[in-house]
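Chain and residue survey
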Amino acid sequence: MSDGAVLHVKGRVLVGPEDVRDELWVVGGRVSYDRPAGARDVTTVEGWALPGLVDAHCHVGLDAHGPVDADTAEKQALTDREAGALLLRDAGSPSDTRWIDDRADLPKIIRAGRHIARTRRYIRNYAWEIEPEDLVAYVAQEAKRGDGWVKLVGDWIDRDLGDLSACWPREAARAGIAEAHRLGARVTAHCFATDSLRDLVEAGIDCVEHATGLTEDLIPLFAERGVAIVPTLVNIATFPRLADGGESKFPRWSAHMRRLHERRYDTVRGAYDAGIPVYVGTDAGGSLAHGLVGAEVAELVTAGIPPVAALSATTWGARAWLGRPGLEEGAPADLVVYEADPRADVRVLAAPRRVVLNGIVVG
């Protein structure tokens, strides 16, 4: 499309779950609901349009072994784009991916800096590995490096115990989260098990990733504090394989991981029913492939979340939570067009008809 070109999206435009319009126009890369006067170079796209999907937990610039080169990071971002994920919350990466911000053809990224973990208590080459007395300083560093988020590793396997255990003493967590908030950043944490959750929530954390250890007695606390969860169910599906691999060395941990996997859907549905905000994230970029956002939405529906709520968790609701616009008048034209109504069957998300980023048809 030329600089003066106009894109016309017609069919059904899902501005919100109940706000459905017949068409929108893209002029100068931005959304308009008024037909531009004298438009000549017009490209028309037809179908069901949604705001660009959100993957609220992925890792661009990271693979199973640590940081990757720019070419690999670009391929990761392009894979997400082709799946319709046009807004990514990068939940921890040691790579500098700021160059992506200069590329109008790549998804927009909200970064959480680099993971902050306890010494020898996370995946090698991923995180800053520190002790509690240094947590405040590293939180301050990553709050300045990120885009309004900081990522802690809340629990991990303790080799002496042979099972998952909390990484941070309560007061250290409280001080670190307070420092992030002082600097205008929100805090999220990787948490598989239960024993870190109460301390983190009472310390003021904003979000918990995975949250497989969420229990009935903790759900009211999360709901009261408004702490969001990003369940990453496509990642939790790997727990049985991980448990099998660790069985001989850490049988207690393996049994724990299987239990968390077995109740994963009940955990997510219980959280949703209690009013806990639930958002879509895939955990792509570690050992998991990029481009799985549609599969994660389908997993939320399998867990019992209504289809429109699951859609909101990757579109309208997720964008509002992250402070980014959807398809409002004047917003950047980041949208995905489908053959059929995704509210009727979220599986259509797996096959976008067209992907539009910054007003340009890119897929």
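Rules behind the numbers
- Residues numbered from 1 in each chain as written.
- Predicted model: local features only at pLDDT ≥ 70, side-chain atom pairs only at ≥ 80, totals over all residues.
- Heavy atoms only, no water.
- Helix = DSSP H or I, 4+ residues; strand = E, 2+ residues; numbered from the N terminus.
- Buried < 20%, exposed > 50% of the residue type's maximum accessible area, 1.4 Å probe, protein only.
- Axes fitted to C-alpha atoms, helices over the stretch in contact; angles between N-to-C directions.
- Parallel < 35°, antiparallel > 145°, perpendicular 65-115°, else oblique.
- Contact = heavy atoms within 4.5 Å.
- Nonpolar A, V, L, I, M, F, W, Y, C, P; charged D, E, K, R; others polar.
- Core = buried A, V, L, I, M, F, W, Y, C linked by side-chain atoms within 4.5 Å.
- Pairing = 2+ DSSP bridges.
- Phe/Tyr/Trp six-rings, centres within 6.5 Å; stacked < 30°, edge-to-face > 60°.

1. Brief notes about unusual backbone geometry
- With a phi close to 75 degrees, histidine 210 is a non-glycine residue in the positive phi region.
- Within the secondary structure, histidine 210 sits in strand S16 (residues 207-210).
- You can call histidine 210 buried: its relative accessible area is 4%.
- Even without glycine at this site, asparagine 358 takes up a positive phi of about 55 degrees.
- Its location among the elements puts asparagine 358 in the loop between strand S19 (354-357) and strand S20 (360-361).

2. A few points about the packing of helix H7 (residues 239-246) against helix H8 (residues 251-262)
- The interhelical angle for the contact between H7 and H8, taken along N-to-C directions, is 170 degrees, at an axis separation of 8 Å. It follows from the interaxial angle that H7 and H8 lie roughly antiparallel. Across the interface between the two elements, Phe239, Pro240, Leu242, Ala243, Asp244 and Gly246 of H7 pack against Pro251, Trp253, Ser254, Met257, Arg258, Leu260 and His261 of H8.
- Class assignment for the residues of the contact of H7 with H8 results in eight nonpolar, three polar and two charged.

3. A word on the nonpolar core
- Ranked by size, the top nonpolar core spans 87 residues in total, and within it Val150, Leu152, Ile205, Phe222 and Leu300 carry the most contacts.
- Per-element accounting of this core gives the leading share, four residues, to helix H3 (residues 170-182).
- When neighbours within four sequence positions are excluded, leucine 152 is seen to be in contact with Ile116, Leu135, Val139, Trp168, Val187, Thr188, Ala189 and His190.
- Residues Val9, Val15, Leu24 and Val337 belong to the second largest nonpolar core, which totals 15 residues.

4. Considering the sheet that holds strand S3 (residues 30-32)
- With respect to topology, seven strands assemble into an open sheet ordered S3-S2-S1-S4-S18-S19-S20, the strand pairing being mixed. With partners counted over all chains shown, the strands left at the sheet margins are S3 and S20, one partner each.
- Bridge count between S19 and S20: two bridges; the pairing is antiparallel. Within S20, the position partnered with leucine 357 by the bridge is isoleucine 360.

5. Some thoughts on the side chain of serine 95
- Mapped onto the elements, serine 95 comes out in the loop between strand S8 (85-90) and strand S9 (108-111).
- Residue serine 95 is classed as buried on the basis of its relative accessible area, which comes to 12%.
- Apart from residues lying up to four places away in sequence, serine 95 is in contact with Gly61, Pro67, Val68 and Arg145.

6. Digging into the sheet that holds S9
- If you trace the three strands from one edge of the open sheet to the other, you get S5-S8-S9, paired in parallel fashion. Bordering the open sheet on either side are strand S5 (53-58) and S9, each of which pairs with just one other strand. Within this sheet the neighbouring strands show an average axis-to-axis angle of 20 degrees, counted without direction.
- Bridge count for S5 against S8 is four bridges, and the pairing is parallel. Paired with leucine 53 across the strands is alanine 85, a residue of S8.

7. Topic: the environment of leucine 214
- Structurally, leucine 214 can be placed in the loop between S16 and helix H5 (219-225).
- In this structure, leucine 214 is in contact with Leu197, Ile219, Phe222, Arg263, Thr267, Ala271 and Ile276, ignoring residues within four places of it in sequence.

8. Considerations on helix H10 (residues 293-302)
- Of all the positions in H10, only Val293, Gly294, Glu296, Val297, Glu299 and Leu300 are classed as buried.
- Phi for glycine 304, located one or two positions after H10, is positive at around 110 degrees.

9. Focus: the packing of aromatic side chains
- Enumeration over the complete set of coordinates arrives at seven aromatic pairs.
- Ring geometry for tyrosine 122 versus tyrosine 126: centroids 6.0 Å apart, planes at 75 degrees, classification edge-to-face. In this structure, tyrosine 122 and tyrosine 126 share a single accessibility class: buried.
- With a centroid separation of 4.8 Å and 70 degrees between ring planes, the pair formed by phenylalanine 192 and phenylalanine 239 is classed as edge-to-face.

10. Overview of the pairing of strand S2 (residues 20-27)
- Of the strand pairs in this sheet, strand S1 (residues 6-14) and S2 are connected by seven bridges, and their pairing is antiparallel. Residue pairing in the sheet places leucine 7 in a bridge with valine 26 of S2.
- Where S1 hands over to S2, the hairpin turn is made up of five residues, counted between the paired strands.
- Bridging between S2 and S3 involves three bridges; their strand directions are antiparallel. Looking across to S3, one finds that tryptophan 25 is bridged to serine 32.
- Between S2 and S3, which follow one another and run antiparallel, lie two residues, and glycine 28 among them has a positive phi close to 60 degrees.

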